[in-house]
Amino acid sequence: MVISGIIFEKLMSMFLIILFGYFLAKTDVLDNNGSQQLVKMLNKYVIPITIIMAFQQEFNQQQFINLGWALFGAVLLHLIRIPLAHLMVWRGNKIDRHSIIFSNSGFLGIPITLAILGYEGVFYLSLFIVVSSILRWTYGVHTLSEGREQITLKSAFINPASIGLYIGLALYLLNIQLPTILSSSMDSIVGLNSPLGMIILGGYLARGSLRAIFNSKQAYWTTFMRLIFTPLVGLLVIWLLPIEAPYVLLVLAITNCTPTAVNTALFSQLYGGDYEYGARLVILTTMMSLITMPVILLLSNAVLHIY
């Protein structure tokens, strides 16, 4: 109950920052180009630095085993979503399916996990982010471009999140601690995760039509699938896994019920989709997650006995 309260409080705080981003966009302080630059800053630098900092701890064998379970859980949850998205959104389009499969494990998952579990939680969350990045640059690009875009191993495995993982994992395995002044500076950069991500969402909200956001029946169905149906199926999958580490269970539970990934709008624009509809799905699922995330996490605790 306490954890769900913290999550709800964090979500409300994020929502207020979204409103600030909305204000910035409406007053022409933040235009579309500025939003895209913020997205690049988060994806290329802030999130990788956060992953590196999560691995700044002494090597522990049991923790490393738990990291393997976090990886297995992340892969399984994504693979379960793919057939569900195709089965349950037969009348939708490629953006609806993309929105169901890829959740906001970075922009939203990181600040929530940091608030509850600290860097050790992000340590496990990093595997989910990297798995999501690999699938997004392969399966996601393939489906959104309808096979027109060439998929390369470089784009799949050499992306900012993966590079952050490689560096962080190497430092962790070699027991190398960064100098205090450097780690302190990187800690400050990590703090940009939540405010920048929410300001970006506020910009999307300001440039979209509120009537269009709430008037699409298909968007509501996709939102239901992203926030309720697939999390319930995912919870069953997590329950079936022989994972006993509470931090791993809670991280998987959080990423299981986060809203649609912010990159849905960006990827829709890059690879031939409806950018505005993708942005509306991001906004709608994020707003609805204020209600659904605490409820799903309460249910997750009842099933998994996490805390």
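Given the structure is predicted, the values throughout are model-derived calculations rather than measurements.

Another aspect to go through is the packing of aromatic side chains. By the definition in use, this model includes eight aromatic pairs. Relative to tyrosine 172, the ring of phenylalanine 55 has its centre 6.0 Å away and its plane inclined at 75°; by these criteria the two rings are edge-to-face. Of this pair, phenylalanine 55 sits in the loop between α2 (32-54) and α3 (61-88) while tyrosine 172 is found in helix α8 (residues 160-173), placing the two residues 117 residues apart along the sequence. Look at phenylalanine 59 and phenylalanine 64: their rings are 5.7 Å apart centre to centre, the planes differ by 50°, and that puts the pair in the tilted class. For phenylalanine 59, a relative accessible area of 36% translates into the label partly exposed. Members of the aromatic cluster, joined through ring pairs, are Phe55, Phe59, Phe64, Phe123, Tyr124 and Tyr172.

Turning our attention to α3. If you check α3, its first and last C-alpha atoms are 41 Å apart, about what 28 residues at 1.5 Å a residue would give, namely 40 Å. Of the residues making up α3, those classed as buried are Gln63, Asn66, Leu67, Ala70, Gly73, Ala74, Leu77, His78, Arg81, Ile82, Leu84 and Ala85. Residues of α3 that are buried in the fold lie against α4 (94-101), α6 (119-144), α8, α12 (217-240) and α13 (246-256). Where α3 begins, the capping side chain belongs to asparagine 60, and its oxygen is found 3.0 Å from the backbone nitrogen of glutamine 62.

Take a nonpolar patch on the surface next. On the surface, a cluster of nonpolar side chains totalling about 570 Å² of accessible area is made up of Leu153, Phe157, Ile158, Ile163, Tyr166 and Ile167. Among the secondary structure elements, those contributing two or more residues to the nonpolar patch are α7 (153-157) and α8. In terms of residue count, the dominant contributor to the nonpolar patch is α8 (three residues). Turning to its location among the elements, tyrosine 166 is positioned in helix α8.

In this section: the packing of helix α10 (residues 193-207) against helix α15 (residues 275-304). At their nearest, the axes of α10 and α15 sit 9 Å apart, and the two run at 120° to each other. The angle between α10 and α15 falls in the class oblique. Both α10 and α15 take part in a crossing whose hand is left-handed. Residues Leu201, Tyr204 and Leu205 of α10 form the contact with α15, whose own contacting residues are Tyr275, Ala279, Val282, Ile283 and Thr286. Looking at the contact of α10 with α15 residue by residue, the classes come out as seven nonpolar, one polar and no charged.

This part is about unusual backbone geometry. The backbone phi angle of aspartate 28 is positive, close to 65°, even though this residue is not glycine. Assignment of secondary structure puts aspartate 28 in the loop between α1 (2-26) and α2. Taking the relative accessible area as the measure of exposure, aspartate 28 reaches 69% and is therefore exposed. Of note in this structure, asparagine 175 is not a glycine but carries a positive phi near 55°. Mapped onto the elements, asparagine 175 comes out in the loop between α8 and α9 (180-190).

On to the nonpolar core, then. Ranked by internal contacts, the top residues of the largest apolar core, which has 91 residues, are Leu11, Phe55, Ile112, Ile200, Tyr204 and Met293. The element that contributes the greatest number of residues to this core is α6, accounting for 13 residues. Other than its neighbours up to four places away in sequence, leucine 11 contacts Leu108, Ile112, Ser289, Leu290, Met293 and Pro294. Membership of the second largest hydrophobic core comes to six residues, among which are Ile52, Met53, Leu171 and Val190.

Right, let's get into the side chain of serine 99. Tracing the chain through its elements places serine 99 in helix α4. You can call serine 99 buried: its relative accessible area is 0%. Beyond its immediate chain neighbours, meaning those up to four positions away, serine 99 contacts Thr222, Arg226, Thr260, Thr264 and Leu281.

Cut-offs applied
- Residues numbered from 1 in each chain as written.
- Predicted model: local features only at pLDDT ≥ 70, side-chain atom pairs only at ≥ 80, totals over all residues.
- Heavy atoms only, no water.
- Phe/Tyr/Trp six-rings, centres within 6.5 Å; stacked < 30°, edge-to-face > 60°.
- Helix = DSSP H or I, 4+ residues; strand = E, 2+ residues; numbered from the N terminus.
- Buried < 20%, exposed > 50% of the residue type's maximum accessible area, 1.4 Å probe, protein only.
- Expected span 1.5 Å × (residues − 1).
- Contact = heavy atoms within 4.5 Å.
- Polar contact = N/O pair within 3.5 Å; in protein donor to acceptor, adjacent residues only side chain to side chain.
- Patch = residues over 30% accessible without salt bridge, like charges linked within 9 Å, V, L, I, M, F, W, Y side chains within 5 Å.
- Areas by Shrake-Rupley, 256 points an atom, 1.4 Å probe, with all protein chains shown as cover.
- Salt bridge = Lys/Arg side-chain N within 4 Å of Asp/Glu carboxyl O.
- Axes fitted to C-alpha atoms, helices over the stretch in contact; angles between N-to-C directions.
- Parallel < 35°, antiparallel > 145°, perpendicular 65-115°, else oblique.
- Left-handed = near helix turned anticlockwise from the far one by under 90°.
- Nonpolar A, V, L, I, M, F, W, Y, C, P; charged D, E, K, R; others polar.
- Core = buried A, V, L, I, M, F, W, Y, C linked by side-chain atoms within 4.5 Å.

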